[in-house]
Amino acid sequence: MEKLTIALPKGRLQDQMLDLITSVGYVLPQGALTGRKLVFYDQSQQLRFIMAKPVDVPTYVEYGAADLGIAGLDVLRESKRELYEPLRLGFGKCRLVLAGPPEARNRNLRLVSNLRVATKYPRLALDYFYRQGISAEIIPLSGSVELAPVVGLADLLVDLVETGTTLRDNGLVELETLLESEAVVVVNRASHKLHFQLVQELINRLAEEIGQRAGGSQTDAN
Ligand code: PRP
(Lines give C-alpha, C1' and ligand atoms only; values in the text may rest on other atoms or scores of the structure.)
Protein backbone atom coordinates (compact mmCIF):
# COMPACT_ATOMS: atom_id res chain seq x y z
CA MET A 1 0.00 0.00 0.00
CA GLU A 2 1.18 3.52 -0.82
CA LYS A 3 2.30 5.35 2.30
CA LEU A 4 3.14 8.90 3.24
CA THR A 5 5.93 9.88 5.58
CA ILE A 6 5.29 12.90 7.75
CA ALA A 7 8.03 14.75 9.65
CA LEU A 8 6.83 16.20 12.93
CA PRO A 9 8.77 18.56 15.18
CA LYS A 10 9.57 17.30 18.67
CA GLY A 11 8.93 19.68 21.54
CA ARG A 12 6.57 22.63 21.86
CA LEU A 13 4.22 21.82 18.98
CA GLN A 14 4.27 18.06 19.53
CA ASP A 15 1.15 17.64 21.68
CA GLN A 16 -1.03 19.92 19.55
CA MET A 17 0.10 18.22 16.34
CA LEU A 18 -0.53 14.71 17.54
CA ASP A 19 -3.91 15.85 18.88
CA LEU A 20 -4.75 17.28 15.45
CA ILE A 21 -3.72 14.10 13.66
CA THR A 22 -5.81 12.02 16.05
CA SER A 23 -8.77 14.38 15.60
CA VAL A 24 -8.84 13.76 11.84
CA GLY A 25 -9.21 10.03 12.40
CA TYR A 26 -5.72 8.50 12.53
CA VAL A 27 -5.07 6.19 15.46
CA LEU A 28 -1.56 6.56 16.84
CA PRO A 29 0.27 3.92 18.87
CA GLN A 30 0.31 4.12 22.65
CA GLY A 31 3.36 6.05 23.67
CA ALA A 32 3.55 8.26 20.55
CA LEU A 33 3.19 11.21 22.89
CA THR A 34 5.31 10.12 25.80
CA GLY A 35 7.84 7.65 24.36
CA ARG A 36 11.19 8.24 22.68
CA LYS A 37 10.40 6.37 19.47
CA LEU A 38 11.45 8.43 16.45
CA VAL A 39 9.52 6.47 13.81
CA PHE A 40 6.00 5.09 14.19
CA TYR A 41 2.95 4.29 12.07
CA ASP A 42 -0.72 5.02 12.45
CA GLN A 43 -2.94 2.01 13.02
CA SER A 44 -3.99 1.77 9.33
CA GLN A 45 -0.27 1.78 8.35
CA GLN A 46 -1.08 4.55 5.83
CA LEU A 47 1.05 7.16 7.52
CA ARG A 48 4.58 6.87 8.82
CA PHE A 49 5.63 9.57 11.27
CA ILE A 50 9.17 10.64 11.95
CA MET A 51 9.98 12.86 14.92
CA ALA A 52 12.66 15.41 14.07
CA LYS A 53 14.20 18.41 15.74
CA PRO A 54 11.98 21.37 14.68
CA VAL A 55 14.80 23.11 12.84
CA ASP A 56 15.44 19.95 10.78
CA VAL A 57 11.87 19.34 9.54
CA PRO A 58 12.25 21.43 6.32
CA THR A 59 15.46 19.50 5.52
CA TYR A 60 13.77 16.09 5.82
CA VAL A 61 10.96 17.31 3.58
CA GLU A 62 13.09 19.03 0.95
CA TYR A 63 15.31 15.97 0.52
CA GLY A 64 12.24 13.72 0.26
CA ALA A 65 13.02 11.68 3.40
CA ALA A 66 9.54 12.86 4.39
CA ASP A 67 6.71 13.68 1.97
CA LEU A 68 5.19 16.23 4.30
CA GLY A 69 6.06 17.97 7.49
CA ILE A 70 4.79 20.37 10.07
CA ALA A 71 7.09 23.27 10.78
CA GLY A 72 7.02 26.70 12.33
CA LEU A 73 6.96 29.45 9.73
CA ASP A 74 9.97 30.97 11.53
CA VAL A 75 12.04 27.82 11.01
CA LEU A 76 10.81 27.44 7.45
CA ARG A 77 11.70 31.00 6.43
CA GLU A 78 15.09 30.70 8.10
CA SER A 79 15.76 27.45 6.22
CA LYS A 80 15.00 29.06 2.82
CA ARG A 81 13.86 25.63 1.65
CA GLU A 82 11.66 25.45 -1.45
CA LEU A 83 8.55 23.63 -0.24
CA TYR A 84 4.83 23.84 -0.84
CA GLU A 85 2.99 25.46 2.05
CA PRO A 86 -0.61 24.45 1.47
CA LEU A 87 -1.98 24.97 4.97
CA ARG A 88 -1.51 27.12 8.03
CA LEU A 89 -2.58 25.36 11.19
CA GLY A 90 -3.47 28.30 13.40
CA PHE A 91 -1.51 27.08 16.42
CA GLY A 92 2.07 27.57 17.57
CA LYS A 93 1.57 31.28 17.09
CA CYS A 94 4.49 33.48 18.05
CA ARG A 95 6.46 36.42 16.70
CA LEU A 96 10.06 36.83 15.65
CA VAL A 97 11.15 40.15 17.12
CA LEU A 98 14.08 42.47 17.47
CA ALA A 99 14.51 43.14 21.18
CA GLY A 100 16.95 44.73 23.56
CA PRO A 101 17.32 46.80 26.71
CA PRO A 102 14.76 49.64 27.08
CA GLU A 103 17.34 52.32 26.24
CA ALA A 104 17.68 50.81 22.75
CA ARG A 105 14.28 52.39 21.95
CA ASN A 106 15.92 55.80 21.86
CA ARG A 107 18.91 54.82 19.74
CA ASN A 108 19.09 55.34 15.99
CA LEU A 109 20.43 51.93 15.04
CA ARG A 110 21.72 53.22 11.69
CA LEU A 111 24.18 55.39 13.60
CA VAL A 112 25.47 52.69 15.94
CA SER A 113 28.86 51.34 14.97
CA ASN A 114 29.71 47.71 15.79
CA LEU A 115 26.11 46.81 16.53
CA ARG A 116 26.02 43.18 17.64
CA VAL A 117 22.87 41.08 17.43
CA ALA A 118 22.51 37.60 18.91
CA THR A 119 20.07 35.19 17.29
CA LYS A 120 19.05 31.64 16.40
CA TYR A 121 17.82 33.11 13.08
CA PRO A 122 20.95 34.53 11.40
CA ARG A 123 19.50 34.60 7.89
CA LEU A 124 16.25 36.31 8.82
CA ALA A 125 18.12 38.75 11.03
CA LEU A 126 20.61 39.58 8.27
CA ASP A 127 17.77 40.08 5.76
CA TYR A 128 16.05 42.43 8.18
CA PHE A 129 19.13 44.56 8.86
CA TYR A 130 19.99 44.65 5.16
CA ARG A 131 16.47 45.87 4.29
CA GLN A 132 16.67 48.49 7.05
CA GLY A 133 20.08 49.71 5.91
CA ILE A 134 21.53 48.94 9.34
CA SER A 135 25.01 47.52 9.63
CA ALA A 136 25.14 44.74 12.22
CA GLU A 137 27.30 41.82 13.22
CA ILE A 138 25.17 38.72 13.70
CA ILE A 139 26.19 36.45 16.57
CA PRO A 140 24.61 33.01 16.05
CA LEU A 141 23.49 31.23 19.22
CA SER A 142 21.48 28.06 19.67
CA GLY A 143 19.35 28.94 22.71
CA SER A 144 18.65 31.30 25.62
CA VAL A 145 19.36 34.20 23.28
CA GLU A 146 17.95 36.71 25.78
CA LEU A 147 21.06 36.15 27.86
CA ALA A 148 23.31 37.77 25.26
CA PRO A 149 22.40 41.47 25.79
CA VAL A 150 22.14 40.95 29.55
CA VAL A 151 25.78 39.84 29.85
CA GLY A 152 27.21 42.08 27.12
CA LEU A 153 27.70 39.48 24.38
CA ALA A 154 25.41 41.48 22.09
CA ASP A 155 23.54 44.81 22.03
CA LEU A 156 20.29 43.35 20.73
CA LEU A 157 18.68 40.02 19.92
CA VAL A 158 16.36 38.59 17.32
CA ASP A 159 14.24 35.78 18.75
CA LEU A 160 10.77 34.40 19.20
CA VAL A 161 8.27 35.87 21.61
CA GLU A 162 5.26 33.86 22.63
CA THR A 163 4.00 35.13 26.00
CA GLY A 164 6.69 37.80 26.43
CA THR A 165 7.73 36.35 29.79
CA THR A 166 11.36 35.64 28.89
CA LEU A 167 11.95 39.19 27.65
CA ARG A 168 10.17 40.73 30.63
CA ASP A 169 11.94 38.59 33.21
CA ASN A 170 15.28 39.65 31.78
CA GLY A 171 14.51 43.37 31.60
CA LEU A 172 14.29 43.44 27.80
CA VAL A 173 11.73 45.05 25.50
CA GLU A 174 10.49 44.45 21.97
CA LEU A 175 11.65 46.93 19.36
CA GLU A 176 10.20 45.56 16.11
CA THR A 177 8.32 42.53 14.78
CA LEU A 178 10.12 40.77 11.91
CA LEU A 179 7.71 37.89 11.33
CA GLU A 180 4.38 36.52 12.58
CA SER A 181 4.80 32.76 12.88
CA GLU A 182 2.56 29.72 13.30
CA ALA A 183 2.67 26.01 12.47
CA VAL A 184 2.35 25.25 8.76
CA VAL A 185 2.12 22.09 6.68
CA VAL A 186 4.96 21.78 4.17
CA VAL A 187 5.07 19.34 1.27
CA ASN A 188 7.95 18.04 -0.83
CA ARG A 189 7.45 19.22 -4.41
CA ALA A 190 7.97 15.79 -6.00
CA SER A 191 5.73 14.06 -3.42
CA HIS A 192 3.03 16.60 -4.15
CA LYS A 193 2.94 15.35 -7.75
CA LEU A 194 3.69 11.65 -7.15
CA HIS A 195 1.24 11.15 -4.27
CA PHE A 196 -1.15 13.91 -5.19
CA GLN A 197 -4.33 12.18 -4.05
CA LEU A 198 -2.97 10.95 -0.73
CA VAL A 199 -1.37 14.29 0.06
CA GLN A 200 -4.47 16.20 -0.92
CA GLU A 201 -6.74 13.94 1.10
CA LEU A 202 -4.63 14.44 4.21
CA ILE A 203 -4.46 18.19 3.70
CA ASN A 204 -8.21 18.36 3.17
CA ARG A 205 -8.85 16.46 6.38
CA LEU A 206 -6.51 18.71 8.31
CA ALA A 207 -7.96 21.84 6.71
CA GLU A 208 -11.49 20.79 7.55
CA GLU A 209 -10.59 20.16 11.19
CA ILE A 210 -8.66 23.42 11.46
CA GLY A 211 -11.53 25.24 9.78
CA GLN A 212 -14.01 23.78 12.26
CA ARG A 213 -11.80 24.74 15.18
CA ALA A 214 -11.38 28.28 13.88
CA GLY A 215 -14.92 28.65 12.57
CA GLY A 216 -13.76 29.03 8.95
CA SER A 217 -11.47 27.45 6.31
CA GLN A 218 -7.80 28.43 6.14
CA THR A 219 -6.59 26.57 3.06
CA ASP A 220 -4.24 28.61 0.88
CA ALA A 221 -4.53 28.15 -2.86
CA ASN A 222 -0.94 27.46 -3.90
C1 PRP B 1 11.78 30.26 23.08
C2 PRP B 1 12.30 31.54 22.48
C3 PRP B 1 12.33 32.47 23.66
C4 PRP B 1 11.15 32.00 24.49
C5 PRP B 1 9.98 32.91 24.25
O6 PRP B 1 12.83 29.59 23.66
O7 PRP B 1 13.55 31.35 21.86
O8 PRP B 1 13.53 32.33 24.39
O9 PRP B 1 10.82 30.68 24.05
O10 PRP B 1 8.84 32.50 24.95
P11 PRP B 1 8.03 33.49 25.88
O12 PRP B 1 7.78 34.77 25.11
O13 PRP B 1 6.74 32.75 26.15
O14 PRP B 1 8.82 33.72 27.13
P15 PRP B 1 12.75 28.08 24.11
O16 PRP B 1 11.93 27.94 25.33
O17 PRP B 1 12.28 27.27 22.95
O18 PRP B 1 14.23 27.74 24.49
P19 PRP B 1 15.64 28.20 23.85
O20 PRP B 1 15.78 29.68 24.08
O21 PRP B 1 16.65 27.43 24.61
O22 PRP B 1 15.61 27.86 22.39
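Predicted model, so just to flag it, every value in this text is computed and none were measured. (Residues numbered from 1 in each chain as written. Predicted model: local features only at pLDDT ≥ 70, side-chain atom pairs only at ≥ 80, totals over all residues. Heavy atoms only, no water.)

**Student:** How do you make sense of unusual backbone geometry when you look at a structure like this?
**Tutor:** A negative phi holds for most residues other than glycine; trans holds for most peptide bonds. For Lys-80, which is not glycine, the phi torsion reads 60° and is therefore positive. On the secondary structure map, Lys-80 appears in the loop between helix H3 (73-79) and strand E5 (84-88). Positive phi outside glycine occurs at Ser-144, with the angle close to 45°. Along the polypeptide, Ser-144 turns up in the loop between strand E8 (136-140) and helix H5 (147-150). A residue is classified by how much of its surface remains accessible, and Ser-144, at 56% relative accessible area, is exposed. (Helix = DSSP H or I, 4+ residues; strand = E, 2+ residues; numbered from the N terminus. Buried < 20%, exposed > 50% of the residue type's maximum accessible area, 1.4 Å probe, protein only.)

**Student:** Looking at this structure, how should I read the nonpolar core?
**Tutor:** It is characteristic of soluble globular proteins that their nonpolar side chains tend to be buried jointly. Of all hydrophobic cores here, the largest spans 31 residues; its most connected members are Leu-8, Phe-49, Leu-68, Leu-89, Val-185 and Leu-202. Looking at this core, the elements that each hand over two or more residues are strand E1 (4-9), helix H1 (14-23), strand E3 (47-52), strand E4 (68-72), strand E11 (183-187) and helix H8 (196-214). No other element matches the seven residues that H8 contributes to this core. Residues Ala-104, Tyr-121, Ile-138 and Val-158 belong to the second largest nonpolar core, which totals 18 residues. (Core = buried A, V, L, I, M, F, W, Y, C linked by side-chain atoms within 4.5 Å.)

**Student:** It is not clear to me how the site of the ligand should be interpreted in this structure. Could you clarify?
**Tutor:** Near the ligand there are 13 residues, and of these Lys-120, Glu-146, Asp-159, Thr-163 and Thr-166 occur at the shortest range. For the ligand, an oxygen atom lies 2.8 Å from a polar atom in the backbone of Gly-164. Taken by itself the ligand offers 490 Å² of open surface, and the protein chains cover 72% of this. Of all the secondary-structure elements, those providing two or more residues to the shell around the ligand are strand E9 (156-161) and helix H6 (165-169). Per-element accounting of the shell around the ligand gives the leading share, three residues, to E9. Grouping the amino acids of the shell around the ligand by side-chain chemistry returns two nonpolar, six polar and five charged. (Near = heavy atom within 4 Å. Polar contact = N/O pair within 3.5 Å; in protein donor to acceptor, adjacent residues only side chain to side chain. Areas by Shrake-Rupley, 256 points an atom, 1.4 Å probe, with all protein chains shown as cover. Nonpolar A, V, L, I, M, F, W, Y, C, P; charged D, E, K, R; others polar.)

**Student:** Looking at this model, I keep getting lost on the sheet that holds E5. Mind explaining?
**Tutor:** Paired through backbone hydrogen bonds, the strands of a sheet run either parallel or antiparallel to each other. Pairing in this open sheet of six strands is mixed, and the strands run E2-E3-E1-E4-E11-E5 from one edge to the other. The strands lining the two open edges of the sheet, one partner per strand, are strand E2 (39-41) and E5. Between one strand axis and the next, the sheet turns by 25° as a mean value, whatever way the strands run. Inspection of the sheet shows E1 paired to E4 by two bridges, in the parallel sense. Bridged to Ala-7 within E4 is Gly-69. The sheet contacts of H1 involve E1, E2, E3 and E4, and relative to E1 the element is tilted by about 150°. Across the sheet, H8 lies against E1, E3, E4, E5 and E11, angled at about 30° from E5, the strand it touches most. (Pairing = 2+ DSSP bridges. Axes fitted to C-alpha atoms, helices over the stretch in contact; angles between N-to-C directions. Contact = heavy atoms within 4.5 Å.)

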